[in-house]
Amino acid sequence: MNHFIFLLICFICLSACKNDEVKLADFTSDGCSLFVDGTFEDPELWKECCLKHDIAYWQGGTKEEREAADIAFRECVQKKTGNAELAELMYQAVRTGGEPYYPTWYRWGYGWPIGRGYKSLSKSEMLQVETKLEKYHLNLERGSL
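Residues numbered from 1 in each chain as written. Predicted model: local features only at pLDDT ≥ 70, side-chain atom pairs only at ≥ 80, totals over all residues. Heavy atoms only, no water.

K.L.:
Would you take a moment to explain the state of the cysteines for this structure?
P.N.:
Applying the stated criterion across every chain, the model contains two disulfides. Disulfide pairing is shown between Cys32 and Cys50; the S-S distance is 1.8 Å. The sign of the S-S torsion, about 90°, decides the handedness of the disulfide formed by Cys32 and Cys50: right-handed. Of this pair, Cys32 sits in the loop between helix H1 (2–17) and helix H2 (47–59) while Cys50 sits in helix H2; the two residues are 18 residues apart in sequence, bridging distant segments of the chain. (Disulfide = S-S within 2.5 Å. Helix = DSSP H or I, 4+ residues; strand = E, 2+ residues; numbered from the N terminus.)

K.L.:
What am I meant to see in the nonpolar core here?
P.N.:
Considering soluble globular proteins, one finds that nonpolar side chains tend to be buried as a cluster. The biggest cluster of nonpolar side chains holds 25 residues, and the ones touching the most others in it are Phe27, Trp46, Trp58, Phe73, Val77, Met90 and Val129. For this core, the elements supplying multiple residues, two or more each, are H2, helix H3 (63–81), helix H4 (84–97) and helix H5 (123–142). Element by element, the count of residues in this core is highest for H2, at six residues. Those residues in contact with Trp46 that sit more than four places away from it in its chain are Cys32, Phe35, Val36, Asp37, Gly38, Thr39, Val77, Thr81, Leu86 and Met90. (Core = buried A, V, L, I, M, F, W, Y, C linked by side-chain atoms within 4.5 Å. Buried < 20%, exposed > 50% of the residue type's maximum accessible area, 1.4 Å probe, protein only. Contact = heavy atoms within 4.5 Å.)

K.L.:
Whenever I open this one, the packing of aromatic side chains confuses me. Can you help?
P.N.:
Across all of its chains, the model carries six aromatic pairs by this definition. Ring plane angle 45° and centroid distance 6.4 Å describe the contact between Phe35 and Trp46, whose orientation is recorded as tilted. With Phe35 in the loop between H1 and H2 and Trp46 in the loop between H1 and H2, this pair connects stretches of sequence that are 11 residues apart. Residue Phe35 is classed as partly exposed on the basis of its relative accessible area, which comes to 34%. The class of Trp46 is buried, set by a relative accessible area of 4%. (Phe/Tyr/Trp six-rings, centres within 6.5 Å; stacked < 30°, edge-to-face > 60°.)

K.L.:
Would you mind going over H5 with me for this structure?
P.N.:
Because each turn of an α-helix spans 3.6 residues, side chains separated by three or four positions end up pointing in the same direction. Between its first and last C-alpha atoms H5 spans 29 Å; for 20 residues at 1.5 Å apiece the expected length is 28 Å, and the two agree. Those residues of H5 lying buried are Glu125, Gln128, Val129, Leu133, Tyr136 and Asn139. Taken down its axis, H5 places every buried residue within 125° of arc, on the same side. Opposite the packed face of H5, turned more than 90 degrees from it, sit the exposed residues Lys123, Leu127, Glu134, Glu141 and Arg142. (Expected span 1.5 Å × (residues − 1). Arc of directions from axis to C-beta.)

Quick look at the structure:
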(Lines give C-alpha, C1' and ligand atoms only; values in the text may rest on other atoms or scores of the structure.)
Protein backbone atom coordinates (compact mmCIF):
# COMPACT_ATOMS: atom_id res chain seq x y z
CA MET A 1 0.00 0.00 0.00
CA ASN A 2 2.82 2.41 0.86
CA HIS A 3 4.37 1.80 -2.58
CA PHE A 4 1.08 2.63 -4.24
CA ILE A 5 0.71 5.92 -2.32
CA PHE A 6 4.32 6.85 -3.07
CA LEU A 7 3.87 6.15 -6.79
CA LEU A 8 0.61 8.08 -6.84
CA ILE A 9 2.24 11.10 -5.22
CA CYS A 10 5.16 10.92 -7.69
CA PHE A 11 2.76 10.72 -10.61
CA ILE A 12 0.76 13.72 -9.40
CA CYS A 13 3.91 15.78 -8.83
CA LEU A 14 5.34 14.94 -12.24
CA SER A 15 2.03 15.66 -13.95
CA ALA A 16 1.76 19.03 -12.24
CA CYS A 17 5.28 19.97 -13.29
CA LYS A 18 4.82 18.97 -16.91
CA ASN A 19 4.34 21.81 -19.39
CA ASP A 20 2.58 20.47 -22.48
CA GLU A 21 3.37 23.51 -24.60
CA VAL A 22 6.61 23.04 -26.50
CA LYS A 23 8.46 26.27 -27.17
CA LEU A 24 9.38 27.35 -30.68
CA ALA A 25 12.86 28.83 -31.12
CA ASP A 26 13.22 32.26 -32.70
CA PHE A 27 13.39 32.17 -36.48
CA THR A 28 16.88 32.08 -37.94
CA SER A 29 18.10 31.64 -41.49
CA ASP A 30 21.56 31.11 -42.90
CA GLY A 31 20.33 31.62 -46.45
CA CYS A 32 20.86 28.54 -48.58
CA SER A 33 22.22 26.08 -46.02
CA LEU A 34 25.29 24.26 -47.34
CA PHE A 35 24.85 25.91 -50.74
CA VAL A 36 25.65 29.29 -52.26
CA ASP A 37 23.00 32.03 -52.26
CA GLY A 38 23.62 33.04 -55.86
CA THR A 39 26.16 33.39 -58.65
CA PHE A 40 29.44 35.29 -58.84
CA GLU A 41 27.62 37.98 -60.81
CA ASP A 42 24.64 38.12 -58.43
CA PRO A 43 25.67 36.64 -55.05
CA GLU A 44 22.12 36.72 -53.64
CA LEU A 45 20.20 35.72 -56.78
CA TRP A 46 18.10 32.96 -55.18
CA LYS A 47 18.64 33.81 -51.49
CA GLU A 48 15.02 35.01 -51.22
CA CYS A 49 13.88 31.53 -52.28
CA CYS A 50 16.00 30.02 -49.50
CA LEU A 51 14.62 32.46 -46.92
CA LYS A 52 11.01 31.56 -47.78
CA HIS A 53 11.96 27.88 -47.71
CA ASP A 54 13.66 28.34 -44.33
CA ILE A 55 10.49 29.87 -42.88
CA ALA A 56 8.53 26.79 -43.95
CA TYR A 57 11.22 24.43 -42.62
CA TRP A 58 11.56 26.31 -39.33
CA GLN A 59 7.85 26.02 -38.55
CA GLY A 60 7.51 22.45 -39.86
CA GLY A 61 4.19 20.66 -40.20
CA THR A 62 2.95 17.72 -42.21
CA LYS A 63 4.75 15.66 -44.83
CA GLU A 64 2.48 17.23 -47.47
CA GLU A 65 3.38 20.74 -46.29
CA ARG A 66 7.07 19.89 -46.58
CA GLU A 67 6.60 18.59 -50.10
CA ALA A 68 4.68 21.76 -51.05
CA ALA A 69 7.46 23.93 -49.55
CA ASP A 70 10.09 22.03 -51.51
CA ILE A 71 8.14 22.33 -54.78
CA ALA A 72 7.64 26.08 -54.19
CA PHE A 73 11.39 26.34 -53.54
CA ARG A 74 12.22 24.59 -56.82
CA GLU A 75 9.80 26.84 -58.73
CA CYS A 76 11.25 29.96 -57.10
CA VAL A 77 14.83 29.02 -58.02
CA GLN A 78 13.70 28.14 -61.57
CA LYS A 79 11.96 31.51 -61.92
CA LYS A 80 14.93 33.48 -60.51
CA THR A 81 17.57 31.71 -62.60
CA GLY A 82 15.85 30.25 -65.65
CA ASN A 83 17.95 27.16 -64.93
CA ALA A 84 15.79 24.04 -64.57
CA GLU A 85 18.80 21.81 -63.83
CA LEU A 86 19.97 23.98 -60.94
CA ALA A 87 16.43 24.19 -59.55
CA GLU A 88 16.07 20.41 -59.72
CA LEU A 89 19.48 19.87 -58.07
CA MET A 90 18.54 22.15 -55.18
CA TYR A 91 15.12 20.51 -54.91
CA GLN A 92 16.65 17.02 -54.72
CA ALA A 93 19.13 18.23 -52.09
CA VAL A 94 16.40 19.52 -49.76
CA ARG A 95 14.26 16.43 -50.35
CA THR A 96 17.20 14.22 -49.38
CA GLY A 97 18.69 16.22 -46.53
CA GLY A 98 15.68 17.90 -44.95
CA GLU A 99 13.97 15.01 -43.19
CA PRO A 100 12.70 15.98 -39.72
CA TYR A 101 14.50 13.05 -38.08
CA TYR A 102 18.02 14.29 -38.86
CA PRO A 103 19.73 16.17 -35.99
CA THR A 104 20.61 19.16 -38.19
CA TRP A 105 19.95 22.88 -38.04
CA TYR A 106 18.19 22.76 -41.43
CA ARG A 107 15.82 19.82 -40.86
CA TRP A 108 12.04 20.09 -41.35
CA GLY A 109 10.67 21.73 -38.21
CA TYR A 110 14.07 22.99 -37.01
CA GLY A 111 12.40 25.59 -34.82
CA TRP A 112 11.00 22.83 -32.61
CA PRO A 113 12.97 20.38 -30.49
CA ILE A 114 14.26 17.32 -32.35
CA GLY A 115 11.77 14.48 -32.47
CA ARG A 116 8.65 16.37 -33.56
CA GLY A 117 8.59 14.67 -36.96
CA TYR A 118 5.71 15.35 -39.33
CA LYS A 119 2.72 16.74 -37.49
CA SER A 120 0.13 19.45 -38.12
CA LEU A 121 0.62 22.58 -36.08
CA SER A 122 -1.91 23.14 -33.33
CA LYS A 123 -3.60 26.52 -32.86
CA SER A 124 -1.23 27.42 -30.03
CA GLU A 125 1.77 26.40 -32.16
CA MET A 126 0.51 28.52 -35.07
CA LEU A 127 0.22 31.45 -32.68
CA GLN A 128 3.85 30.92 -31.66
CA VAL A 129 4.86 30.87 -35.34
CA GLU A 130 2.98 34.11 -36.06
CA THR A 131 4.41 35.84 -32.98
CA LYS A 132 7.99 34.79 -33.76
CA LEU A 133 7.70 35.84 -37.41
CA GLU A 134 6.31 39.25 -36.42
CA LYS A 135 9.28 39.68 -34.08
CA TYR A 136 11.68 38.62 -36.84
CA HIS A 137 10.20 41.09 -39.35
CA LEU A 138 10.27 43.93 -36.80
CA ASN A 139 13.94 43.24 -36.04
CA LEU A 140 14.64 43.08 -39.77
CA GLU A 141 13.01 46.48 -40.33
CA ARG A 142 15.00 47.96 -37.45
CA GLY A 143 18.20 46.50 -38.86
CA SER A 144 18.91 44.57 -35.69
CA LEU A 145 19.44 41.20 -37.38
